[in-house]
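What the coordinates show
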Amino acid sequence: RKEVEQDPGPFNVPEGATVAFNCTYSNSASQSFFWYRQDCRKEPKLLMSVYSSGNEDGRFTAQLNRASQYISLLIRDSKLSDSATYLCVVSNAGNMLTFGGGTRLMVKP
Amino acid sequence: NAGVMQNPRHLVRRRGQEARLRCSPVKGHSHVYWYRQLPEEGLKFMVYLQKENIIDESGMPKERFSAEFPKEGPSILRIQQVVRGDSAAYFCASSRGGESGYTFGSGTRLTVV
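Below is a summary of the structure that appears in this document. (Residues numbered from 1 in each chain as written. Chains lettered and ligands numbered in written order. Predicted model: local features only at pLDDT ≥ 70, side-chain atom pairs only at ≥ 80, totals over all residues. Heavy atoms only, no water.)

**Description of the side chain of A:S49**
Residue and element names in this part refer to chain A. Threshold: Strands are runs of DSSP state E lasting at least 2 residues, helices are runs of H or I lasting at least 4, and numbering of each runs from the N terminus. Buried means the residue's accessible area, taken with a 1.4 Å probe over protein chains only, is under 20% of the maximum for its type, while exposed means over 50%, and partly exposed covers the values in between. Throughout, a residue-residue contact means that at least one pair of heavy atoms, one from each residue, lies within 4.5 Å.
Along the chain, S49 turns up in strand β5 (residues 45-49). Classification of S49 by relative accessible area gives buried; the value is 18%. For S49, the residues in contact, after removing those within four places along its chain, are F33, F34, N55 and A62.

Shown next, in the form of structure tokens:
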């Protein structure tokens, strides 16, 4: 079983739609949680951190459920520029990041 | 303040040659991480280094791959006798350590022909 699992997609949605991505992780000792965004042939960039209390940044909302070892990302009012691959990432002791395989989002006009 | 600088951006090597990938961390960052991304896959951890020390190399293949982060100069990921399966994007990231975030470089795309 992979340490961090994501549905690879692609998710094809129209502009303005709301889309949700889910992720599960296997290591219950994981300490920190993030969503990264990766554009085609570019480096990953931090989108937002994820907390049990939930974290909202504009159109983006991230949520962590430690009991279920489940992380989510909600994007409201999708824009064309949101098209990218979204990477679920967990960090264990030692601050090393473990990446999921990514979920590809394509927002269409 | 420049971010993480990786060079070269693109590297083409014939099978059996050596590949050297360089990474200069953000100024003030003493922790360096190397990741590999195969086509259509996620990033896989390779090695974690601090100045002059390898902290964790659990993701490094046992043969042909080595990494260093000398007291002076960039971190180097070295791949000897490259094979076609080494073709990938190699990303370097740096941090101050602890719970501080990572900064990624733009990556080196290695193509083995």
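What follows continues from the structure just given.
**A few points about the state of the cysteines**
Our working rule: The term disulfide is used for any two cysteine sulfur atoms that are within 2.5 Å.
Enumeration over the complete set of coordinates arrives at 2 disulfides over all chains. Across the disulfide from A:C23 sits A:C88; the S-S distance is 2.0 Å. The sign of the -75° torsion about the S-S bond sets the A:C23-A:C88 disulfide as left-handed. Of this pair, A:C23 sits in strand β3 (residues 19-25) while A:C88 sits in strand β9 (residues 84-91), and the two are 65 residues apart along the sequence. Take A:C23 and A:C88: they sit in the same class, and that class is buried. Linked covalently through their sulfurs, B:C23 and B:C92 form a disulfide whose S-S length is 1.8 Å. Taking the sign of the S-S torsion, about -55° here, the bridge from B:C23 to B:C92 comes out left-handed. Within this pair, whereas B:C23 is found in strand β3 (residues 19-24), its partner B:C92 is found in strand β9 (residues 88-95), the two being separated by 69 residues in sequence. Here B:C23 falls in the buried class, since its relative accessible area comes to 0%. Accessibility expressed as a relative area gives 0% for B:C92, which makes it buried.

**What to know about the packing of aromatic side chains**
This is how it is decided: Ring pairs are drawn from Phe, Tyr and Trp, using the six-membered ring of Trp, whenever the two centres fall within 6.5 Å, and their geometry is named by plane angle: stacked under 30 degrees, edge-to-face over 60, tilted for the rest.
Overall, the coordinates contain 14 aromatic pairs over all chains when judged by the stated rule. Where A:F21 meets A:Y86, the ring centres are 5.4 Å apart and the plane angle is 35°; that geometry is what we call tilted. Of the two residues, A:F21 is situated in strand β3 and A:Y86 in strand β9; the sequence distance between them amounts to 65 residues. The two residues A:F21 and A:Y86 agree in class, both being buried. Ring centres of A:F99 and B:Y35 lie 5.4 Å apart, and the angle between their planes is 80°; on these two criteria the pair is classed as edge-to-face. Here A:F99 is found in strand β10 (residues 97-99), whereas its partner B:Y35 is found in strand β4 (residues 31-37) on a different chain.

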